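Fold and contact review
Residue strings, one per chain:
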Amino acid sequence: MNKKMLKEILAAHADQLVNGKASSEDYLKLLPERDTELEPLLSVAEQIQSALQPISPPNKFERDLKQELLITAQQHQLEGYRPPSMSRDLLVLLATLTFIFSLGLLLIVMRRKLTQSA
Amino acid sequence: MTADNIEEAELVELAKTDPEAFGKLYELYVDKIYNYVYYRIGNHQEAEDLTAKVFHRALDHIPRYNNKGVPFAAWLYRIAHNLVANWHRDHNRRKVVALEQVTLKGDKQGSPHHAAERSNERELLLEAIQKLPPERQQLLTLKFIERMSNAAIGQLMGRSEGAIKSLYHRTLVSLKDLLAEHQNLVDQLPVDEE
């Protein structure tokens, strides 16, 4: 049955928890026949909520990084920057390989001709 | 039109060519990305380095960003997720968050004993969280720190909302087992006789 119900209750509890409104008791009443399974899971969720609190990065780091990014963005703007493109890189690689292969082929043909004429 | 009062989608479009608009996006997301990275790797210095990499990469690639129904935040978190995964691969280790260095927002003052006990419990739980597979850690970070809805988490992780609920259920069960395992070990320790 109620595995789906259990998941729904846990999900709803987590949503309420992050908004600071959850009460385990209310959720336990929703599934009394499985309260021994539900209760420890709600308790773990509450522990997670109190352990994982938002932190702030240092102000200096935030300021410096913003400055750095703005400078880079302005350089991109001045240089008419084109972002990395995998298809473009592949095309360049393919062209390079074709060139090397053709050059090798040309050398082989020339060598054969030289050998034949000798 | 200034970058202060426009919708995010427009801001993203603007940021492709306007450094000031990119600066606004940065301000909107820097705390979120820093938190996401910090709780995934557990070290402030490395979190700063990786956060910087995330935004530099975003700046390099934003001209190619296409809004195909995927929010900009999801795109940014995807970059952060990939960099964190690379970091774990390179370092091949998992650090425990040094709680004494964490400045918690809204952390209430209590008695020293209570605070120590609480801190110890928190440390144990964070250790247990860092033993979880990466996708479960990601889920907890997005749910409890970023306070995202299951639908938004699903979009970001490429899963359905139902799958996220199932993953959350399994994550809680794993954590409960890990904590119980730890408690069993503590219970088996010999007690000092006076």
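Throughout, residues of each chain are indexed from 1 in the direction in which the sequence is written. For this description, chains carry letters from A and ligands carry numbers from 1, given in the order in which they are written. In keeping with the model being predicted, local features are shown solely for residues with a pLDDT of at least 70 and side-chain atom pairs are shown and tallied solely at 80 or more, while totals for entire chains, interfaces and linings include all residues. Side-chain calculation: all heavy atoms of the structure are included, whereas hydrogens and water are not.

**Section: the overall build of chain B**
The cut-off we apply is this: Only DSSP runs of H or I reaching four residues or more are called helices, and only runs of E reaching two or more are called strands; each is numbered from the N terminus. Categorising residues by exposure relies on relative accessible area from a 1.4 Å probe, with only protein chains included: less than 20% of the type maximum marks a residue as buried, more than 50% marks it as exposed, and the intermediate range marks it as partly exposed. By definition, residues are in contact when any of their heavy atoms lie within 4.5 Å. With residues, only the protein chains shown are counted as cover, and all accessible areas are computed by Shrake-Rupley using a 1.4 Å probe.
Within chain B one finds eight helices and zero strands. Buried positions account for 46% of the 194 residues belonging to chain B. Long-range pairs, those at least 24 residues apart, make up 62% of the contacts in chain B with a sequence separation of at least 6. Looking at chain B as shown, the accessible area adds up to about 10,200 Å², and 48% of this sits on carbon and sulfur atoms.

**Observations concerning the interface of chain A and chain B**
What counts is decided by this rule: By convention, the term buried area covers the 1.4 Å-probe accessible surface removed from two parts as they join, with the contributions of both added. We define a salt bridge as a side-chain nitrogen of Lys or Arg found within 4 Å of a carboxyl oxygen belonging to Asp or Glu.
Contacts between chain A and chain B engage 44 residues on the former and 48 residues on the latter. In total, chain A and chain B occlude about 4,400 Å² of area from one another, counting both sides; carbon and sulfur atoms represent 69% of this. Together, Leu52(A), Ile55(A) and Leu69(A) form the three largest contributors to the area buried by chain A at its contact with chain B, with a combined 17%. Our count for the chain A to chain B interface comes out at three salt bridges. The partner of Lys66(A) in a salt bridge is Glu27(B), with the nearest N and O atoms 2.2 Å apart.

**Looking at helix H4 (residues 59-79) of chain A**
Residue and element names in this part refer to chain A. Put simply, the rule is: The span expected for a helix works out to 1.5 Å for each residue beyond the first. Taking the helix axis as origin, the arc is that swept by the directions to the C-beta atoms.
Between its first and last C-alpha, H4 extends 30 Å over 21 residues, near the 30 Å set by a 1.5 Å rise per residue. Within H4 the residues assigned to the buried category are Phe-61, Leu-65, Leu-69, Thr-72, Ala-73 and His-76. Angular distribution of buried residues about the axis of H4 spans 100 degrees; they occupy a single face of the element. Residues of H4 that are exposed and point over 90 degrees away from its buried face: Asn-59, Lys-60, Arg-63 and Leu-78. At the C-terminal side of H4, Gly-80 shows a positive phi close to 60 degrees.

**A look at the confidence of the model for chain A**
For the record, the criterion: Values of pLDDT, the confidence the predictor places in each residue, fall between 0 and 100.
Summary statistics for chain A give a mean pLDDT of 87 and a share of 94% for residues scoring 70 or more. Considering each helix and strand of chain A separately, the mean pLDDT is smallest for helix H2 (residues 24-30) of chain A, with a value of 81, and largest for H4(A), with 93.

**Some words on a nonpolar patch on the surface**
All names here are of chain A. For clarity, the threshold we go by: For patch detection, residues must exceed 30% relative accessible area and be free of salt bridges, and they are connected within 9 Å for like charges or within 5 Å for nonpolar side chains (Val, Leu, Ile, Met, Phe, Trp, Tyr).
A surface patch of nonpolar side chains, about 640 Å² in accessible area, is lined by Phe-99, Ile-100, Leu-103, Leu-106, Leu-107 and Met-110. By secondary structure assignment, the location of Phe-99 is in helix H5 (residues 86-117). Since its relative accessible area comes to 56%, Phe-99 is described here as exposed.

**Here's the deal with the environment of Asp31(B)**
Looking at where Asp31(B) falls in the secondary structure, it is placed in helix H2 (residues 19-41). Asp31(B) sits in the partly exposed class, given a relative accessible area of 25%.

**Describing the packing of H4(A) against H2(B)**
Formally: Only C-alpha atoms enter the line fits that serve as axes; for helices the fit covers just the stretch in contact. Angles between N-to-C directions range over 0 to 180 degrees. Left-handed describes a crossing whose near helix is turned anticlockwise from the far helix by less than a right angle; the clockwise case is right-handed. Here the nonpolar group is Ala, Val, Leu, Ile, Met, Phe, Trp, Tyr, Cys and Pro; Asp, Glu, Lys and Arg are the charged ones; every other residue, Gly included, is treated as polar.
H2(B) packs onto H4(A) with a crossing angle of 145 degrees between their chain directions and a minimal axis gap of 10 Å. Between H4(A) and H2(B) the crossing geometry is right-handed. Of the residues in H2(B), those in contact with Phe61(A), Glu62(A), Leu65(A), Lys66(A), Leu69(A), Leu70(A), Ala73(A), Gln74(A) and Gln77(A) of H4(A) are Pro19(B), Glu20(B), Phe22(B), Gly23(B), Tyr26(B), Glu27(B), Val30(B), Asp31(B) and Tyr34(B). Of the residues contributing to the contact of H4(A) with H2(B), the split by class is 10 nonpolar, three polar and five charged.

**Notes on the confidence of the model for chain B**
Residues and elements named next belong to chain B. Residues at a pLDDT of 70 or more form 81% of chain B, whose mean pLDDT is 82. Within chain B, helix H3 (residues 44-61) carries the highest mean pLDDT (96), whereas helix H5 (residues 112-130) carries the lowest (73). Within the model, pLDDT remains below 50 along residues 98-110, and this stretch shows 26 contacts once partners closer than five positions in the same chain are excluded.

**What about the packing of aromatic side chains?**
To keep things clear, this is the line we draw: Between rings of Phe, Tyr and Trp, where Trp is taken as its six-membered ring, a pair exists when centres lie within 6.5 Å; planes separated by under 30 degrees are stacked, by over 60 edge-to-face, and by other angles tilted.
A complete count under the given rule lists 10 aromatic pairs over all chains for this structure. Ring geometry for Phe144(B) against Tyr168(B): centres 6.3 Å apart, planes inclined by 40 degrees, an arrangement best described as tilted. Placement of the pair is Phe144(B) in helix H6 (residues 134-145) and Tyr168(B) in helix H8 (residues 161-188), with a sequence separation of 24 residues. Pair check on accessibility: Phe144(B) and Tyr168(B) agree, each one buried. By way of ring pairs, the aromatic residues Phe61(A), Tyr34(B), Tyr38(B) and Tyr39(B) are connected into one cluster.

**Here we look at the pattern of salt bridges**
Summed over the entire model, instances satisfying the criterion amount to nine salt bridges over all chains. For the salt bridge of Asp15(A) with Lys143(B), the shortest nitrogen-to-oxygen distance reads 2.4 Å. Residue Asp15(A) is found in helix H1 (residues 3-18), and its partner Lys143(B) is found in helix H6; the two belong to separate chains. For Asp15(A), a relative accessible area of 27% translates into the label partly exposed. When salt bridges that share partners are traced, they join Lys4(A), Glu8(A), Glu161(B) and Lys165(B) into one network.

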